[in-house]
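Notes for the structure review
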Amino acid sequence: MNKIINDTSRVFVLSIAVAALASPAYAQTAAQSNADGVGDIIVTAQKRAENVQDVPIAITAVDSARLENTAASLNTTNLQQFVPGLVQGRAGAAGATFLRGVGSEAGIAGTESPVATYLDGIYLGVNALGVFELNNIDQISVLKGPQGTLFGRNATGGAIQIITKNPNLDSAEVRAEIGYGNYETKTTRFYGSVPITSNLAANVSLLYKDRDKGTVFNRFTGNDLQAENIFTAQGKILWQPTDDTRVLLNVIHTNGKDLPGVNYFVQKGAVSQDGRTRYIGPRAIDAHVDSDFSAKATIGALTVSHDFGGAQLSNTVSRTIYKNRSFNDQSMTTGAPNPGGITPSSGNLDTEIREVSNELQLQSADEAALKWVAGLFYFHDKTDTHLSTLSYRPTGIVPGFGLDSQMKTDSYSGFGQATYEVLPSTNLTGGIRYTRDDKSFSGRNVFGGTIPASVPRDISFKKLTWRLAVDHQFNDDLMAYVSYNRGFRAGTYSPLSLANPPARPETLDAYEVGFKSDLFDRKLRLNTAAFYYNYADLQLRKNVGSPLQGQTLNAAKAKIYGLDVDIEARPSRDLRIMGGFEILKSEYSSFPSGPANFPVGVAQLGMNPITAPPAGCTGTVRAGFGHSNTVSCDLTGNDLINAPRFSASIGVEYTLPTSIGDFAFSVGDKYTGKSYATPDNFQILEAYHYVTASVSWTSTDGHFFGKIWGTNLTQPDRPAQLAFGLNTYEFLPSEPRFYGITLGFKY
């Protein structure tokens, strides 16, 4: 404990030292915004429009200009290239997002991420909805640390806000483009906005991507897999009947087939449970069946707001319908005979999720001395899950295990936050939120059996979360703050494990000190934040048979602390440099009965096989060749999963004006240090670089453009994820090296 305190003190001292280096700007006259300097970014992190430099929260904001200069279209799993400390990937059919070491890799149905995602203010409770592509993004903001007051439940680690373009009442806009890339990938994108009358406008955004050649090869069947086919459409209608009243209808639909996320295979240095099947390459599997994952979702939302002068009232109601189907190998073998005596099998998982949310919000005028916001929030979720397996025996195909379950959630909360200038240029912010979650669970095994009496069918959780912050504006270009926040993640059932008791809510207390500065006549922006987390009852996933199955359990306690630094420089009008880094230390401060996976029968991943639980561990070791076994061990002192001790990003954009148009050169590198994939720290995700590059051209009249781009240029063969399932150490192939060309028109 003393070591943690001492190391944390050094982190805070380092933050103060960085602030001292920036202090010469304190004596400068406040610089005005100019075209050659770093521009302002307006965010809604506190439910009102504010300059990101005035908000006492650690935020990484990416504007539309930077998004347009990225190497390819934006997939939400690639946000990590802009944000140190953000780790994103796949967890079965869902997204796996970690921020400052807080996150979830539970891809099972009904799981909500502790890093909440909001699309146009709509809470995406479905974990899998964190994975999609859009064509009309205006801004993305990553709010670091618990946002338990204004954003509420399941924002333990932070929140990701994605804002898309609204219709323009004043002018029309059109943008269309086509593209072609490797793996025979064809893309088409369109965005159009048009004013219909003086107070009515509409827009539409379309994206279609078709990949003819898959990115993973199944040696046994001879087929390519993950030949993605994606269609996304979004439309908005904006009606402004008076200057003070605004009505916005937002409808989104997405449909994807042959998506990545389910093609797990044996890790390098490991052997399957059949005792024979081993790693054959970074983008190849050897499975009896071809895995497939498809998903579709429809989201509709209506926002009505009215400005009364002294206060503004708004209400947003939304409905989401999400369906997915995954079919995957469940045996990790090509067939008998094999030393492990394993029969090939497959699993089919169907999920349907229906959500409704409503947020009523009242806030003060921006110019009020006491700035406040208050509101009520309701969220309903119904998740239906059907799991079935097939066994491919020499005598024929035989049905195996089957399960049906339904989980319902009703969440109610009320919140309020206020900011007041208690001293000249010093603001005090306080906020509080009360949440009640009611959950119910029902289910049955297809061949008999229901939820045991030891598992409650109904559970309720009540939590109070809060925020307290003090910030001081030294001048127009330097602000410092200190804050204390509590967030929580709701307790939940394990829909694919009827006998597993529900997990308790997790809570996180966060202490943070930071500053935000614009230096050297706004040529340089330097923002830092040092933080310390007390994390209790954190929820973890334990696989039981397959990466698509799993149980949610609670670890006891953890501590996380670190330092974030974000930098943006604009040495000249044509050169822009963005970057940052994060130093992170995380550990389970108490985890006496954590899951640990050991090999049986043969050495794997550098570990000798065991015949009995190691010292300090309990459980039963299965006999057999090539198996791996899960026992309970004291994991206190281990690193948290997906929590690299160092990560950094840098992006450079240079624009070269010429007589035939402007050429823009862009290169980016996101470095993610070594981390651990499992709480036992046996499976190591090695450090890697994610490098992107592009060269684009825009005509002199601004109407025509083209781009040559490439992503994941240097390390396409690394594993995206490591897991333990099917009694086997498994990996999920990463995104390959993609490259292509885009041509387009805009007006």
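All of these numbers come straight from a predicted model, not from anything done at the bench.

1. A few points about empty space enclosed by the protein
Counted by the stated rule, this structure contains 15 cavities of 30 Å³ or more. Reported here for the largest cavity is a volume of approximately 260 Å³. Tallying contributions element by element places strand β3 (residues 59-63) first for the lining of the largest cavity, with five residues. Residues belonging to the lining of the largest cavity are distributed by class as follows: nine nonpolar, six polar and six charged.

2. With respect to the packing of aromatic side chains
The tally for this structure, following the rule as stated, stands at 18 aromatic pairs. Feature note: the residues Trp466, Tyr484, Tyr511, Tyr532 and Tyr561 constitute an aromatic cluster, connected by ring pairs. Here the guanidinium or amino end of Arg100 rests over the ring plane of Phe531, the centre of that ring lying 3.9 Å away. Sitting over the ring of Tyr191, Lys165 keeps its end group 5.1 Å from the ring centre.

3. Topic: the sheet that holds strand β8 (residues 122-123)
Read across the open sheet, the five strands follow the order β3-β9-β10-β7-β8; overall the sheet is mixed. Strands with a single pairing partner mark the edges of an open sheet, and in this sheet they are β3 and β8. Pairing of strand β7 (residues 115-119) with strand β10 (residues 158-164), which is carried by five bridges, proceeds in the parallel orientation. Considered in β10, the bridge of Leu119 is made with Ile162.

4. Quick look at the nonpolar core
Ranked by size, the top nonpolar core spans 29 residues in total, and within it Tyr533, Tyr535, Leu538, Ile560, Tyr588, Cys633 and Leu640 carry the most contacts. Every element with two or more residues in this core is listed here: β5 (94-99), β28 (506-519), β29 (524-536), β32 (557-572), β33 (575-590), β34 (594-599) and β36 (628-633). When near neighbours in sequence (up to four residues on either side) are disregarded, Cys633 contacts Phe591, Pro592, Ser593, Gly594, Ala596, Phe598, Gly616 and Cys617.

5. A closer look at the side chain of Gln139
Positionally, Gln139 belongs in strand β9 (residues 137-144). A distance of 2.8 Å separates the side chain of Gln139 from the backbone oxygen of Ile42, its partner in a polar contact. Setting aside residues up to four positions removed in sequence, Gln139 forms contacts with Ile41, Ile42, Val43, Val62, Gln161, Ile162 and Ile163.

6. Concerning the layout of surface pockets
Approximately 1,500 Å³ is the volume attributed to the second largest pocket. Residue lining of the second largest pocket: 48 residues in total, with Thr44, Lys47, Arg246, Thr303 and Gln312 positioned closest to the centre. The element best represented in the lining of the second largest pocket is strand β22 (residues 345-364), accounting for seven residues. Looking at the lining of the second largest pocket residue by residue, the classes come out as 15 nonpolar, 21 polar and twelve charged.

7. Re the environment of Leu496
Positionally, Leu496 belongs in the loop between β27 (478-489) and β28. For Leu496, a relative accessible area of 3% translates into the label buried. When the C-alpha atoms of Leu496 and Tyr561 are compared, they prove to be 34 Å apart, with 65 residues separating the residues in sequence.

8. Some details on the pattern of salt bridges
Scanning the entire structure with this criterion turns up 25 salt bridges. With a shortest N-O distance of 2.6 Å, Lys186 and Asp212 are connected by a salt bridge. Placement of Lys186 in strand β12 (residues 185-197) and of Asp212 in the loop between β13 (200-211) and β14 (216-218) is noted, with a sequence separation of 26 residues between them. You can call Lys186 partly exposed: its relative accessible area is 32%. The class of Asp212 is partly exposed, set by a relative accessible area of 42%. A salt bridge links Asp518 to Arg522, with the nearest nitrogen and oxygen atoms 3.7 Å apart. For Asp518, a relative accessible area of 6% translates into the label buried.

9. Overview of the sheet that holds strand β18 (residues 265-266)
What the three strands build is an open sheet, ordered β18-β44-β43; its pairing is antiparallel. Of all the strands in the sheet, just β18 and β43 (719-725) have a single pairing partner and so form its edges. Relative to strand β44 (residues 728-733), β43 runs antiparallel, the two sharing six bridges. Along β44, the bridge assignment pairs Leu722 with Phe731.

10. Examining unusual backbone geometry
One non-glycine residue, Gln226, lies in positive phi territory at about 65 degrees. By relative accessible area, Gln226 is classed as buried at 6%. Of note in the backbone geometry, Asn642 takes a positive phi value of approximately 50 degrees without being a glycine. Accessibility expressed as a relative area gives 12% for Asn642, which makes it buried.

What counts, and where the lines are drawn
Residues numbered from 1 in each chain as written. Predicted model: local features only at pLDDT ≥ 70, side-chain atom pairs only at ≥ 80, totals over all residues. Heavy atoms only, no water. 1 Å grid on protein atoms, 1.4 Å probe; cavity = no way out; pocket = protein on both sides within 12 Å on 5 of 7 lines; lining within 4 Å. Points joined across faces, edges and corners; volume = space filled by probe spheres on them. Helix = DSSP H or I, 4+ residues; strand = E, 2+ residues; numbered from the N terminus. Nonpolar A, V, L, I, M, F, W, Y, C, P; charged D, E, K, R; others polar. Phe/Tyr/Trp six-rings, centres within 6.5 Å; stacked < 30°, edge-to-face > 60°. Lys NZ or Arg CZ within 6 Å of the ring centre and 35° of its normal. Pairing = 2+ DSSP bridges. Core = buried A, V, L, I, M, F, W, Y, C linked by side-chain atoms within 4.5 Å. Buried < 20%, exposed > 50% of the residue type's maximum accessible area, 1.4 Å probe, protein only. Contact = heavy atoms within 4.5 Å. Polar contact = N/O pair within 3.5 Å; in protein donor to acceptor, adjacent residues only side chain to side chain. Salt bridge = Lys/Arg side-chain N within 4 Å of Asp/Glu carboxyl O.

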